[in-house]
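The chain contents come next:
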Amino acid sequence: MSQVEVLFEYWKDIDWFVIGGPADCDEAQAVMSRCHCVGFEPNEIYCKYQRDHGFGNVHNFALWNKDNVVLPFTCPVGASLQSASVCRPRGAPDIKFDYTSSIGTVRGRTLDSLSDEFGPFKNAALWIDIEYAELAALQGADQLLRNGDIKLINLETYAH
């Protein structure tokens with residue numbers, strides 16, 4: 001049983017599965033027939049790969065706490081452009097990672113505005129693994145959280 005199938009054991013009637021981060025689009029394959037699935041990923045190469053391999057509803061944005069913020073797009077040393085991406089704006093916590101040089105920029109968007117554009121994300125499960133930007137993404141989901149539209153949240157946490 002995949003991680004996402006375990007999540008659905010806790011909430012069987014999810015209408016939306018909203019994904020932030022690249023690898024987790026693969027998890028969505030297990031539930032695409034059960035609900036609406038949409039993914040957001042800053043790496044356009046990975047977005048294209050996902051669209052070409054069956055997960056058609058993935059879009060090239062970084063989840064963030066403000067709309068239309070231009071964020072640097074970098075890749076951790078040792079990771080390929082096809083598998084990993086990180087958006088680390090200035091002012092982010094000083095976490096010890098070795099990065100290649102910046103490889104471009106990407107637009108940061110809030111989950112609230114993306115819900116207006118692609119949703120509405122009512123009765124949603126949120127699955128985000130976005131390399132230390134999880135707090136920013138949740139801050140950009142203020143209305144969704146206030147309205148109780150997000151029923152489940154799965155996110156990666158770090159102890160630093």
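Conventions and cut-offs
Residues numbered from 1 in each chain as written. Predicted model: local features only at pLDDT ≥ 70, side-chain atom pairs only at ≥ 80, totals over all residues. Heavy atoms only, no water. Helix = DSSP H or I, 4+ residues; strand = E, 2+ residues; numbered from the N terminus. Phe/Tyr/Trp six-rings, centres within 6.5 Å; stacked < 30°, edge-to-face > 60°. Lys NZ or Arg CZ within 6 Å of the ring centre and 35° of its normal. Salt bridge = Lys/Arg side-chain N within 4 Å of Asp/Glu carboxyl O. Buried < 20%, exposed > 50% of the residue type's maximum accessible area, 1.4 Å probe, protein only. Patch = residues over 30% accessible without salt bridge, like charges linked within 9 Å, V, L, I, M, F, W, Y side chains within 5 Å. Areas by Shrake-Rupley, 256 points an atom, 1.4 Å probe, with all protein chains shown as cover. Pairing = 2+ DSSP bridges. Contact = heavy atoms within 4.5 Å. Axes fitted to C-alpha atoms, helices over the stretch in contact; angles between N-to-C directions.

Asks: Could you give an account of unusual backbone geometry, naming the residues involved and the relevant values?
Replies: Here the amide bond leading from G119 into P120 is cis, since omega sits at 15 degrees, within 30 degrees of zero. Locating P120 in the fold gives a position in the loop between α4 (111–118) and β8 (124–128). Of note in the backbone geometry, N68 takes a positive phi value of approximately 55 degrees without being a glycine. Summarising the element assignment, N68 is placed in the loop between β4 (62–63) and β5 (69–74). Non-glycine residue N123 carries a positive phi angle of around 55 degrees. By the secondary structure assignment, N123 is in the loop between α4 and β8.

Asks: Tell me about the packing of aromatic side chains, and name the residues and values.
Replies: Pairs of aromatic rings are described using the distance from one ring centre to the other and the angle between the two planes. Enumeration over the complete set of coordinates arrives at 5 aromatic pairs. Taken together, the ring pairs in this structure connect F40, F61 and F118 into an aromatic cluster. The cationic tip of R109 hangs over the ring face of F61; the distance from NZ or CZ to the ring centre is 4.7 Å.

Asks: Explain the pattern of salt bridges residue by residue, including any values.
Replies: According to the stated counting rule, one finds 6 salt bridges in the structure shown. Between D67 and R109 there is a salt bridge, and its shortest N-O distance comes to 3.5 Å. Separated by 42 residues along the polypeptide, D67 in the loop between β4 and β5 and R109 in strand β7 (residues 105–109) bring together distant segments of the chain. Taking relative accessible area as the criterion, D67 reaches 35% and is therefore assigned partly exposed. Notably, a salt bridge pairs D149 with K122, separated by 3.6 Å at the nearest N-O pair. Taken together, the residues D149 in the loop between α6 (142–146) and β9 (150–155) and K122 in the loop between α4 and β8 connect sequence positions 27 residues apart.

Asks: Just give me the short version of a nonpolar patch on the surface, but keep the residues and values in it.
Replies: On the surface, V6, Y10 and W11 cluster together into a nonpolar patch covering about 330 Å² of accessible area. Along the chain, W11 turns up in the loop between α1 (3–10) and β1 (16–20).

Asks: I'd like a rundown of the sheet that holds β8, residues and numbers included.
Replies: Pairing is parallel in the open sheet, where 5 strands are placed in the order β3-β2-β1-β8-β9. Across the chains shown, the open sheet's two edge strands, defined by having one partner strand only, are β3 (58–59) and β9. Direction of pairing for β1 relative to strand β2 (residues 36–40): parallel, over a ladder of 5 bridges. Across the sheet, the residue bridging to G20 is F40, located in β2. Of the strands in this sheet, β1, β8 and β9 are in contact with α1, which crosses β8 at around 150 degrees.

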